Every structure is written in C-alpha cells, then in structure tokens.
Amino acid sequence: MSQREILVTSALPYANGDIHLGHLLEYLQTDMWVRFQNARGNMCTYVCADDTHGTAITLRAEKEGITPEQLIDRVHGEHYQDFQDFLIKFDNYYSTHSDENRELAELIYKRCKEGGFIATRDVKQAYDPEKGMFLADRYVKGTCPECGAEDQYGDNCEVCSATYAPLDLKDAYSVVSGAKPVEKSSEHFFFKLPEFQGMLKEWTRSGTLQPEVANKLAEWLDGELLEWDISRDAPYFGFEIPDAPGKYFYVWLDAPIGYMSSFKNLCERRADLDFDHYWKKGSTTELYHFIGKDIVNFHALFWPAMLDAADFRKPNAVNVHGYVTINGEKMSKSRGTFITARTYLDHLDPEYLRYYYAAKLNDKVDDMDLNFDDFVQRVNTDVVNKLVNIASRCQGFIGKFNDGKLAAELPEPQMYADFVAKSEEIAERFEARQFSAGVREVMALADRANEYIQAQAPWKLAKEEGKGDEVVAVCSQGINLFRVLLTWLTPVLPNMAAKAQSFLNVADLNWGSIEQPLLDHQLGKFEPLMQRVDGKAVAKMLEANKPAEAEKPADKPKKKAKKEKQAPETPDVIDFNDFVKVDLRVAKVVKCDHVEGADKLLSVTLDVGELGERHVFSGIKACYQPEDLLGKNVVLVANLAPRKMKFGMSEGMILASGDDKNISVVMPPEGAKPGDRIS
RNA sequence: GGCUACGUAGCUCAGUUGGUUAGAGCGCAGCACUCAUAAUGCUGAGGUCACUGGUUCAAUUCCAGUCGUAGCUACCA
C-alpha cells in the first residue's frame, strides 16, 4: 500500500472564549480520524490555530483592561491546554496573528488583485463618532422600530423577528461607547466571488461535500452570488492591507489562511514536510477540512474561490458536522448545560467523551444529542463491561497457570482470523467518518469474545486436575481477541490503549501488527484500564456549571417568541376585548404604484382621515394593477406594528381574501369615510 | 412564506437500487454462571417505521400534502 500524504484541519476556534463540548465534537472527530490514518500507516498531519482577529477581540481585551495581544496569548494557552487534556494531538497549534499568516494573506490578496478579482466601492455603515470606528450590525443596539422592544441588535429583533438596518433602530446607540451612531461612507474592497460561480457549481458537486451540504449551497449558487466584502476600516485588530493604509483584512479572510500558515510554520521545523508540495496547484497530497455546519459558506464558497484565484490547490473535501445538543436541548448557560472543556475535565475522564462521540458520530450533518444518562450507560457497558472485561477476566488465569505467559498456539485460530478479517470493513467505516458504525462492529465482536469465554468456562476447567493448559489456551485466545479489538479503538481511546499496550507488552498497536497473534508471549502487569463513569460526577459537573442565581441570564426572548409563533396562545375563540385591539379603518387609496424590482408588491399610499396618510406595501400585484385601486376604499389594519421590508417601511396591512393566486381586496362601499373605525 | 435536512422500539441509532414475520446496542423482565472493575451468557417482552393520500402485484424505502424538529432565507403586513 502506498503511503498517503494527508493534511487535515479543524476550524480555528475564536480567541475570545472557552472551548466547550460543542467545539470538542469537531476536534475529537478530527483527532480520531487523524490517529486512525496514522495507525493505518499513512502520513497524516493535523494542524489548527487560534482565530485571533476582529472587533470582538479588541472589545474583549478592552473590557479586561489588556491589549489584544495579551488576550490572544492567554487564550491560546488555555485552548491548547484544553485540547491537550482531551488527548487531541495537533502537529501544530498556531495562531492567525503570526508572520506566516500575514505573509500568506498578503500573497493571496496580491494574487487576487493581480488577477482582477478585487473590486472597490463605497459602503455606508453605522459609525461611532465617539470611538471613531465603524460598527457592525451587532454592535448597534436600540429600540425595535416595529414592535418597540428595547435593546435589540442592529440587524433584527429577537422579539418580533423583524429585520432592519442598524440606523433604523429608534434611539440607536453604539454598544461600544453608548454614543449615537451616524451614517458614514467608506471605501471597501470586495472579492469578486461571482467570477467563480461556474467553478464552484462544479466543485461543490464533485464529491467534496456531503450531498445535503451541496444542496444547501445550491441555494446560493443557483442564484446570483454577491461580491464578498473583505476589508474593514481602522481601528481593527488584524492585518493592514498592502498599499491601503487604514484598511484591514476582514477576519474571515485571514482565518482559513491560518490553515496554511500553521502548516507553513510546522514545515520550518519538520524536514519531512514541504509547504509547496502540499499547497501548490495540482498537489498529489490530500487536504481535508473538518468544520461545523454554521461556517459552510466560508469554507465551501469563499475559501475554494480564493485558493483558485491565488493559484493554490483546493481541498479534497470539506467535512461538515452538526451541532451538539445536551439532553435534547440546545446548550444553555442557565440550565447548566453550557459545559466548557475545563469544567468537564474537572469531573470526568476525557476518554469517556471520546468514546461516546465516536459511538454516535456519522458522516451526516445532523445534530448530535449528548444525553448524560445514555452517556453513562453506553460508556460503562461498552468499554468497561464488555471490552476491558475480556482482558480482565482472562489475565488472572494466565498469571496463575502460566506465570503471565500466553500459550504457544491458539485453540481457535480460525476465530482469530475471522476477527482480523473484519479489519478492512472497520477501516472503511472510519475512513468514511462513520465512527458509530465502526464502533458498533467492534463491540459486536467484543460480544463474540465474551460468548466464547463463557462457553469455554475456564473457571470450571481451572478446578479440574490437569486442565491448566486448556485454561491458558482459552484465555490466550481471549487476550489475543482483546488485542485486536483494542487496536481498532486506539484512535478513540489512546490513553487506555497505552495502558493496555504495556499490559500486552508490545511495541505498538498498529493495524498491521494484528495479522499475527501473540504466542508464547510474556504479558506485563495488568492494571485497571478504565474506571466506570460515576453518575454522581456527572451530576456534580452539571451542578458546578450552573450559574449562580444572581447572574442567571434571562431566557432568550428569541426562543420564547418563536415558541409563541408556533403554538399561538390565541384560542380559536377570542373574546370581544381581543377583537377591539385590532384597529380597522376605512382608508382611501390616494396613490398606488408598482415597486421596481418587486414581483408581488404594490406600493400603496392611503388617506386614513384623522390618522393622516399611511404608506403600505401589499402583496397583491398578482391580481391588481395600481389603477384598479386608485381612489377606492380599502380596509386598513391601522395599529399593526410597522415593518421594514426590502423596499422600505410598511405601516399597516390591507385586508384581502383568497390565496396567493386569487386575491380580492376587501372594499367598503364608496360612501364610507376614510378614517372611520370598522367594528 | 420559501429552501435544505430530519422524524424507525423507553433511550441511542442501523436499514443497502421498494420484495416475505422491520434490526442492533443500551435499558427492562426471567433464568444460568461466579473467572472478571456486581462484570458475563441464555431467553423474553417491547414498533400502525410522525400522519394522510398517491404510484405499484408489493412502500419504512418512491411521489404529494399535513404536522413536528433544526438551520438558512425572505418581496408576510
């Protein structure tokens, strides 16, 4: 078998927060896959880094009273320690705030520019005059213009789910300084993504992505792609764009380049790795990115397009996973299920989580539920009761009857061969990231090993005179089967494997080495390979993680609002008081026009008598021309919260009956007076 | 509203191009065993494969719709 050269990455964690169990699904999945590749004899390199740039880093550092550099240094240390303690074995864990990353970002930008893939134009944005900086949507807060909810972010309202521009907020203020933001224009650089539409359409369907991910991206690719804004104005923590003083690369531009720079940094101290060999166009090496479903567009649209533009190779595949839910629900701080890596490690063994994730992971994008009752049962039963038990129940007899030495031949060589023959099948599962299927097969064989021992009942033979050799034979069979099973699980349980290795007294646990059983072989000392998960420790962890009552954040309004939407409180029958809340008015159409660029909408200006004039958009174009309505009376819901739409504000709703295709606007008689209440 | 997924035993999940009585592990009940970190083995109960229609000789599997879940998105006022 020729050795594959593989480079693997996990998404770069952002340097402003702790690693939690959701992150770990990705790093553990990747680590297990990399360890598996290496155990199979391939040359697989795993690099990652902290993602260190952007406004959030600046603000976080400011809040802590330190510099961004100090912040990212500290967080880098914390992240790295967390990963190490979870037995995640990076070849390099670097930082995007590095010389290599600056050089590569500049190089890629330069090549994009030379290729004509960079556009320039002005962008209007909210600006904090006090702080002297532009504000992304989430740094502007204010009162929702639709429903009046206070303290909403600049892009949408968590209460009524309206969308709007930051400066539409009433009483808008900068989250950074509290100042009232103003609109300001500035020149931005754009990456001409549309130029790569054809390439991306093909690339996303060429086996690089799971089908469901490719389907998702087709939503963008079948429409018009937009140019991607890749610059930010000073002050910004990041890399300044060459020949553009005061302009910085947007954090998402240099973040994926961090994969390259981490590898480049590694190459400088590893003679067996060559940067160009892995990254030049047409490279024969393999490149895989493991990411979560939230950042698919960055990795499967922008990133391959940028690589293409800059004349580098593209990834062989982007492997996307779903989110982790805890006990069936989203991770939540108030429920104590927002569990950081460190909190977990304070109470539980990392290999429990490694095994549990492996036992449930597949190659799909579905979310994975971490159910702690299931977790305890699954780990204890599979790993301790089944797998470890095989070694544990056999080793005593071999010690007693043969001084810890295995028999010179196996009583059931065919059975051993049958086990080994499963190697390829299991390898295929792991290769395809169907860890759960692989683990299931391993455990099914563990069952067979226990059945065998049960049927042979060495403890009975041990009581019979002169059957010592038989006892040793049966238990040697058991130990050898254990060795095979464990070898397969080495990528999942590296610590346990190391302990078992010293018990088995072997130099390594590679897939190749199990072809031959251990015969006439002296075993080392047996020590318990893994302790059971203690349910109480799990409970303690959840308890420790719950915030103190005082700092408990209120339940997210977003979720509440959503629930109400789906299961409206409104009963089928409403009482009179509910009805009168709706302010229905006679309104006269004084102006009615087509809306340029809109397929369904008409723009309608209404005279509502005492309430003055109102402007609404109405989705009735399919059945009405502007002149059909001009001068007619219609029914307006006058106290409906205004809503920002693509083409402007809509300040009410015109009643109509029918469905999308057959619309009849409700019209009061001509004689009705504009502004009259309808009741 | 639209789009993309998903909805199979109490729990976690398999179900290959539609083909007989729908599988596994855990959990549960009973029995056996006592070497093993109270582990193991055997037997068993448990499912209108979300719901409703359709295509077909035949549908968990294909199609349409409904409901529910997750995410994205909007020209819903």
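What counts, and where the lines are drawn
Residues numbered from 1 in each chain as written. Chains lettered and ligands numbered in written order. Predicted model: local features only at pLDDT ≥ 70, side-chain atom pairs only at ≥ 80, totals over all residues. Heavy atoms only, no water. pLDDT = per-residue confidence, 0-100. Contact = heavy atoms within 4.5 Å. Salt bridge = Lys/Arg side-chain N within 4 Å of Asp/Glu carboxyl O. Buried < 20%, exposed > 50% of the residue type's maximum accessible area, 1.4 Å probe, protein only. Helix = DSSP H or I, 4+ residues; strand = E, 2+ residues; numbered from the N terminus. Core = buried A, V, L, I, M, F, W, Y, C linked by side-chain atoms within 4.5 Å. Axes fitted to C-alpha atoms, helices over the stretch in contact; angles between N-to-C directions. Parallel < 35°, antiparallel > 145°, perpendicular 65-115°, else oblique. Nonpolar A, V, L, I, M, F, W, Y, C, P; charged D, E, K, R; others polar. Pairing = 2+ DSSP bridges.

A. Focus on the confidence of the model for chain A. On average, residues of chain A score 86 in pLDDT, and 91% of them are at 70 or above. Low pLDDT (under 50) marks residues 549-572, which in the prediction has 14 contacts with non-local residues, meaning those over four places away or in another chain. The complex prediction reports pTM at 0.84, with the ipTM value standing at 0.89.

B. Structural view of the pattern of salt bridges. All told, the structure shown has 29 salt bridges when counted by the stated rule. Residue Lys314 is joined to Asp308 by a salt bridge in which the shortest nitrogen-to-oxygen separation is 2.8 Å. A residue is classified by how much of its surface remains accessible, and Lys314, at 21% relative accessible area, is partly exposed. Overall, Asp308 belongs to the buried group, its relative accessible area being 18%. We note a salt bridge from Lys386 to Asp447, for which the minimum N-O separation is 3.2 Å. Placement of the pair is Lys386 in helix H12 (residues 372-402) and Asp447 in helix H15 (residues 435-456), with a sequence separation of 61 residues. Among the charged side chains, a salt-bridge network with shared partners connects Arg60, Glu64, Arg74 and Glu78.

C. Spatial organisation of the nonpolar core. Leu24, Phe191, Trp279, Tyr344, Tyr357 and Phe375 are the most contacted members of the largest nonpolar core, which has 173 residues in total. At 13 residues, H12 tops the list of elements feeding residues into this core. The contacts of Tyr344, once residues within four sequence positions are left out, are Leu21, Phe86, Ile339, Asp349, Pro350, Tyr352, Leu353, Phe375 and Met541.

D. Region of the structure containing the packing of helix H11 (residues 350-360) against H15. One can describe the packing of H11 onto H15 by two numbers: an axis separation of 5 Å at closest approach and a directional angle of 105°. Classified by the angle between their axes, H11 and H15 sit roughly perpendicular to one another. Side by side, H11 and H15 meet where Tyr355, Ala358, Ala359 and Lys360 of the first sit next to Phe435, Ser436, Val439 and Met443 of the second. Residues belonging to the contact of H11 with H15 are distributed by class as follows: 6 nonpolar, 1 polar and 1 charged.

E. Spotlight on the sheet that holds strand S9 (residues 182-191). Pairing is antiparallel in the open sheet, where 4 strands are placed in the order S5-S4-S9-S10. Edge positions in the open sheet fall to strand S5 (133-134) and strand S10 (228-229), since each of these has one partner strand only. Across 2 bridges, the pairing between strand S4 (residues 118-128) and S5 is antiparallel. Note on S5: the bridge partner recorded for Tyr127 is Phe134. Contacts between helix H9 (residues 296-309) and the sheet are confined to S9 and S10, with S9 contributing the most and set at about 60° to the helix.

F. Highlighting the environment of Ala446. Inspection of the secondary structure assignment puts Ala446 in helix H15. The exposure class of Ala446 is buried, given its relative accessible area of 0%. A sequence separation of 360 residues divides Ala446 from Phe86, and the C-alpha atoms of the two residues are 25 Å apart. What Ala446 contacts, discounting residues up to four positions off in sequence, is Ile390 and Leu485.

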